[in-house]
Amino acid sequence: DTEVTQTPKHLVMGMTNKKSLKCEQHMGHRAMYWYKQKAKKPPELMFVYSYEKLSINESVPSRFSPECPNSSLLNLHLHALQPEDSALYLCASSQDGSGKNEQYFGPGTRLTVT
Amino acid sequence: GQNIDQPTEMTATEGAIVQINCTYQTSGFNGLFWYQQHAGEAPTFLSYNVLDGLEEKGRFSSFLSRSKGYSYLLLKELQMKDSASYLCAVGDNFNKFYFGSGTKLNVKP
């Protein structure tokens, strides 16, 4: 099983809403990532969890809050987002966080903030 | 800082060979990755180079020169389904992963 799953596929939320994005992998990977991708741009790293601990936060605004409940699950909690936060949010996992292993990406959640 | 450069767009003919170049300057290096991304879909892994030289995988090959900070992805016997964006990415020493802006490849009949 080399699949990373993400839910929901699409999400529309208002600026005052609270929502969560979910990601799951069952490959035994110990590193998980959140990326943000705007149209025609490359993915931008947001957060890295390594062995269930947050190892990297790329100066992401606090309205994005990651959570790693266990080694298979990764959540991204959203609160008070801005319209410019509309993007494709990609989750990925890799064997570890060493930078030497390929990342497997989920299909993404397309987020629209109104 | 990190700097990864790729051409923005390329066009090639079905059945031909195309080479997509990538140059990089990063503060650490743990390997160079190539990904394919079709519009509206997630990136999918194509190849990984950490040592100098050529890695071949079917129709796709990837080359790395660490001293020159240079890589290329070679696609042979192009097919229409190869029309996609190709992303070069570098893993550094600090668990970070940086993507280039991607090269949009258009394959024409």
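In case you missed it, the structure is sitting above this.
Residues numbered from 1 in each chain as written. Chains lettered and ligands numbered in written order. Predicted model: local features only at pLDDT ≥ 70, side-chain atom pairs only at ≥ 80, totals over all residues. Heavy atoms only, no water.

Colleague: How do you make sense of the sheet that holds strand β1 (residues 4–7) of chain A when you look at a structure like this?
Modeller: The strands that make up a sheet pair up through hydrogen bonds in the backbone, lying either parallel or antiparallel. Residue and element names in this part refer to chain A. Spatial strand order, β1-β3-β8-β7: four strands in an open sheet with antiparallel pairing. Every interior strand has two partners, whereas the edge strands, β1 and β7 (64–70), have only one. Strand-to-strand twist of the sheet, defined as the mean angle between neighbouring strand axes without regard to direction, takes the value 20°. Bridge count between strand β3 (residues 18–25) and strand β8 (residues 73–79): seven bridges; the pairing is antiparallel. Paired with Glu24 across the bridge in β8 is Leu73. (Pairing = 2+ DSSP bridges. Helix = DSSP H or I, 4+ residues; strand = E, 2+ residues; numbered from the N terminus. Axes fitted to C-alpha atoms, helices over the stretch in contact; angles between N-to-C directions.)

Colleague: Could you clarify how one ought to interpret the interface of chain B and chain A in this entry?
Modeller: Where the parts come together, the accessible area they lose is often given as the size of the interface. Facing the 20 residues of chain B at the interface are 23 residues of chain A. Summed over both partners, the interface of chain B with chain A comes to about 1,600 Å²; 57% of that surface belongs to carbon and sulfur atoms. On the chain B side of the contact with chain A, B:Asn95, B:Phe97 and B:Phe99 bury the most area, a combined 33% of that side's loss. Where chain B meets chain A, there are one salt bridge. When the shortest N-O distance is used, the salt bridge between B:Lys96 and A:Glu58 registers 2.8 Å. The set of elements that each furnish at least two residues to the side of chain B that touches chain A consists of β4 (31–37), β5 (44–49), β9 (84–91) and β10 (97–99) of chain B. Here the residues of the side of chain B that touches chain A sort into eleven nonpolar, seven polar and two charged. (Contact = heavy atoms within 4.5 Å. Buried area = accessible area lost by both parts, 1.4 Å probe. Salt bridge = Lys/Arg side-chain N within 4 Å of Asp/Glu carboxyl O. Nonpolar A, V, L, I, M, F, W, Y, C, P; charged D, E, K, R; others polar.)

Colleague: Would you mind going over the state of the cysteines with me for this structure?
Modeller: The term disulfide refers to a covalent linkage connecting the sulfur atoms of a pair of cysteines. Enumeration according to the criterion identifies two disulfides over all chains in this entry. The disulfide partner of A:Cys23 is A:Cys91, and the gap between their sulfur atoms is 1.8 Å. Residues A:Cys23 and A:Cys91 are joined by a disulfide whose S-S torsion is about -70°; by sign, that bridge is left-handed. Note that A:Cys23 is positioned in strand β3 and A:Cys91 in strand β9 (residues 87–94), a separation of 68 residues in sequence. Classification of A:Cys23 by relative accessible area gives buried; the value is 1%. For A:Cys91, a relative accessible area of 0% puts it in the buried group. The disulfide that involves B:Cys22 links it to B:Cys88, with 2.0 Å between the sulfurs. Looking down the S-S bond of the B:Cys22 and B:Cys88 bridge, the torsion is -60°, so its handedness is left-handed. Taken together, the residues B:Cys22 in strand β3 (residues 18–25) and B:Cys88 in strand β9 connect sequence positions 66 residues apart. Using a relative accessible area of 0% as the deciding quantity, one classes B:Cys22 as buried. (Disulfide = S-S within 2.5 Å. Buried < 20%, exposed > 50% of the residue type's maximum accessible area, 1.4 Å probe, protein only.)

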